[in-house]
Amino acid sequence: MHRQRLVFHVDMDSFYVSVERLLNPDLVGKPVVVGGPPNSRGVVASASYEARAFGVRSAMPCSQAYRLCPQLVFVGSGFGVYSEYSRRIGDVLRTFTPLVQMASQDEAYLDMSGTERLWGDPEASARSIKTRLREDTGLPCTVGASSSRTVSKIASAHAKPDGLLWVRPGGERGFLAPLDAGRLPGIGAKTQTRLRELGIRTLGDIQRVGRVECRRLFGDHGASLWDRASGIDDNAVEPDTGPPKQVSHETTFAEDISDSGELSRRIAALSDKVASRLRAQDLTAFTVGIKFRYADFETHGASRTLENPTNDPSVLRDEARGLLAEKRDPRRPLRLIGVAASGLVGGGEGQMDMLSAERDERRERLWKAVDALRGKYGEDAVERGG
Amino acid sequence: MASLLKRSQTTLPVLSNLLVDAADGTATFVGTDLESHVTVRVPAQLKGGPARLTLPADKLAELVGLMPAGSNIVMNDEGGQVRISSTANEYRLVTLPADDYPVWSPDDAATTFSVTQRQLRRLIDAVLYALPAKDHRRVLMGALIETKDMNLRMTATDGKKLSRMSVSLGEIEGDKNARCVVSGKLLTDLRKILGDEGSVQVEIGERQAAFIVDNVEYRTNVIEGKYPDCDAVIPKEFPFAVRLNREQFKLAARRAGVVSEDRNKSIILKFADNSCEFTSMAADIGTFNGKVSVEYDGNPIEVAFNYQLMIETLDSFGHPDIHLNIKSEQSPTVLRCDAEPDHICVLMPIKLTDLRPGGE
């Protein structure tokens, strides 16, 4: 018997700002952003709805946000606090279904199929989730519910803030049709431009183009574009078990950097931190990636897959440096750089190395000491010299 | 010949060129990448005074290859360019000043010996596959060359596989216990000119090594750094000893490899009752199960390997009758061959969280 699938997308409303308001109720009702300060070079991590009214958006440079809204309050409690709230959100959600996938710190997909007997119809269960989250964490959220991840995500975005929207089975196409094509998650700037050139503005326009034509225009990606624009999305909710998919660290410089020696040093420091987190979870990574952003915000990424998984900072560092040297235009200064490790496997798995035993023993002692210091005094307690 | 001199990876423009030095009835061609120099001397008839100039290596190699076979090539230094001609063809190539060409200052050799071309070729063939393509441990990018007890021993390893072979020498001049690491790139080049006859003069110094084959001289800086202690990682005792036929075994490994995981190309070998069972699995593709007979009557043992490394290792032997000595599923496995007692290979297994496909 075919069981109707039911997927919730639970999205916290301006999560970082909401957490800040819990910690400091004076911020309620004011335009607030997490990020900054205004003269810094960071970007807005989260903006309150009052700030959004001024045109302030996530990922906007803090200086620009300040220009748009001079009375803006800049706050930031550090990510440890947010992680703690994120963990508590996950704990609450898992009391409704074990199939919870945290898509980021402040949003999650829940597979609620077959829970009607327990929690009532989708509207009732979504309401229960909202109430429980508010009671247990003090945070507001919006829930989108439908038969698929894509539609639920669009539904929650549509119903924000503090909302609830259930798109009933069979109603997906009709719900999506009038919405702007850019609302579909995962549509890149390139596809959007191409869609505009073709006169395609809404998801309904995509539906009318037809699947065959979409594939002709955009390749395989086009077929999936049409599917999702029509509310067809079989992607399962993948509960967060096992190791994380990626470990990364990035830094925005106080001043733009073009000196490659200085960039190399920054990469070494980031690689150390990534390696340290990999070791803490007994993971090794097959893939090393970098991210870099030029002064004009143009952002690039690159990655390389290694023959052997590693959590050795010197390997991560060398690969990341190599990638940067290969991909970066040395004439253009950078404002941000990041190092990521993905393709993660358990530290014990994989091709063994007969030579690693002796050096690992030496290094492991060193890293254990470094990790211990970092655990005690914070991530920046130990930095690589020179 | 000119193609041997060709060197890549240059920052100095003149390094894309060969130095040509003509004097006293000899034309000397030199190519360098700064780490090594290759010199080739050929007899030449000289008109006028001695000449010294540089020419683009790749172009020279290409044009010489296109000249009629056996034709005499005439080079005329015309100041700033060189005319190169055979009977009916003529090139004019732009030259760069010879004075800019890096000078090689040779070290004194502490050890000198001679080895047959055939022997040296066998050593290179037997070990070079074990060099890493790339490794941040720079010393591993070369092969360890040692003289000891009147033997010449060569070792290469990337940590996953190791190969070591020795041949006996007739005579060693100077320090009898020489030791140096020579880049795999140089050995690969050298290998191309080694034939069945004749010998190679080898010189080993503190910082440099040289290989002289007839009129060709390779001189290179040795790779500095501490080469790992390989003796320490080669197990001496093995509870599981298998004897196998290489060709059958390779074929089975290749079959299993079809559905191995891309990432580490792992296949699982289970030895029991005079047979080896091969299994493999790739998520989203499928599984394999096959069997070949081997000589083995010990307790069952299961080990996972990268099938490509296994095949490369088996291929490094000059004979198909191979002994596979296993210490445990997570220890270095040693391969030997009766016909080549001075050759030993080590292959590291793959550690799997669960050895069985499907994970049940």
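That block above? That's the structure.
Small disclaimer: the values here were computed from a predicted structure and weren't measured.

Asker: Sorry, what's going on with a nonpolar patch on the surface here?
Answerer: The grouping of Val64, Ile73 and Met75 of chain B at the surface amounts to a nonpolar patch, some 200 Å² of accessible area in total. Mapped onto the fold, Ile73 of chain B is located in the loop between helix H2 (57-66) and strand S5 (74-77).

Asker: Even after reading the chapter, I still don't get the environment of Ala252 of chain B, so can you show me in this structure?
Answerer: Residues and elements named next belong to chain B. Tracing the backbone through its elements, the reader meets Ala252 in helix H5 (residues 246-257). Taking the C-alpha atoms as reference points, Ala252 and Lys291, 39 residues apart in sequence, are found 7.4 Å from one another. Those residues in contact with Ala252, other than ones at most four positions away along the chain, are Phe278, Phe288 and Val292.

Asker: I would appreciate a short explanation of the interface of chain B and chain A in the present structure.
Answerer: By a frequent convention, interface size equals the accessible area lost on bringing the separate parts together. Between chain B and chain A, the residue contacts involve 25 residues of the former and 19 residues of the latter. Summed over both partners, the interface of chain B with chain A comes to about 2000 Å²; 57% of that surface belongs to carbon and sulfur atoms. At the junction of chain B and chain A, the tally comes to two residue pairs in polar contact (both at pLDDT 80 or more). For the side of chain B that touches chain A, the elements supplying multiple residues, two or more each, are strand S11 (161-168) and strand S25 (350-351) of chain B. Tallied by class, residues from the side of chain B that touches chain A come to ten nonpolar, seven polar and eight charged.

Asker: Sorry, what's going on with the sheet that holds strand S2 (residues 32-34) of chain A here?
Answerer: Strands belonging to one sheet form pairs held by backbone hydrogen bonds; the direction of such a pair is parallel or antiparallel. All names here are of chain A. Taken together, the three strands give an open sheet; going across it, the order is S3-S2-S4, and neighbouring strands pair in mixed fashion. At either end of the open sheet lies a strand with only one pairing partner, and these are strand S3 (46-47) and strand S4 (73-75). Pairing between S2 and S4: three bridges, direction parallel. Along S4, the bridge assignment pairs Val33 with Phe74. Against the sheet, helix H1 (residues 15-23) makes contact with S2, S3 and S4, and its axis sits at roughly 110 degrees relative to S2, the strand it touches most.

Asker: So what exactly am I meant to see when it comes to the state of the cysteines here?
Answerer: Disulfides are covalent bonds that link the sulfur atoms of two cysteine residues. By the definition in use, this model includes zero disulfides over all chains. Distance from the sulfur of Cys345 of chain B, which forms no disulfide, to the nearest cysteine sulfur (Cys337 of chain B) is 9.7 Å.

Asker: I'm lost on the sheet that holds strand S18 (residues 266-272) of chain B in this one. Help?
Answerer: All names here are of chain B. Pairing in this open sheet of four strands is antiparallel, and the strands run S20-S19-S18-S21 from one edge to the other. The open sheet is flanked by strand S20 (286-293) and strand S21 (301-306), the only strands paired with a single partner. Strand-to-strand twist across the sheet, computed as the mean angle between neighbouring axes with direction ignored, equals 20 degrees. Contacts between H5 and the sheet are confined to S18, strand S19 (275-282) and S20, with S20 contributing the most and set at about 170 degrees to the helix.

Rules and cut-offs
Residues take numbers from 1 onward in each chain, read along the sequence in its written order. Chain letters start at A and ligand numbers start at 1, both assigned in the order the entries are written. Only residues with pLDDT of at least 70 are given local features in this predicted model, and only at 80 or more are side-chain atom pairs given and counted; all residues enter the totals for whole chains, interfaces and linings. Side-chain metrics rest on all non-hydrogen atoms present in the structure, leaving aside hydrogens and water. Think of a patch as exposed residues, more than 30% relative accessible area, with no salt bridge, where like charges cluster within 9 Å and nonpolar side chains (Val, Leu, Ile, Met, Phe, Trp, Tyr) cluster within 5 Å. We get accessible surface area from the Shrake-Rupley algorithm with a probe of 1.4 Å; when it comes to residues, only the shown protein chains can shield them. The salt bridge definition used is simple: a Lys or Arg side-chain nitrogen within 4 Å of an Asp or Glu carboxyl oxygen. Elements are defined by DSSP. Helices are runs of H or I of four residues or more, strands are runs of E of two residues or more, and each kind is numbered from the N terminus. Note on contacts: a residue pair is in contact if any heavy atoms of the two residues lie within 4.5 Å. Once two parts are put together, the accessible area they lose, assessed with a 1.4 Å probe and summed over both, is termed the buried area. Here a polar contact is taken to be a pair of N or O atoms separated by no more than 3.5 Å, where protein atoms must pair a possible hydrogen donor with a possible acceptor and residues adjacent in sequence count only if both atoms sit in side chains. Amino acid classes used here: Ala, Val, Leu, Ile, Met, Phe, Trp, Tyr, Cys and Pro are nonpolar; Asp, Glu, Lys and Arg are charged; the rest, including Gly, are polar. What makes two strands pair is DSSP finding at least two bridges between them. For every element, the axis is a line fit to its C-alpha atoms; helices are fit only across the contacting stretch, and the angle between N-to-C directions ranges from 0 to 180 degrees. When two cysteine sulfur atoms are found within 2.5 Å, that pair is recorded as a disulfide.

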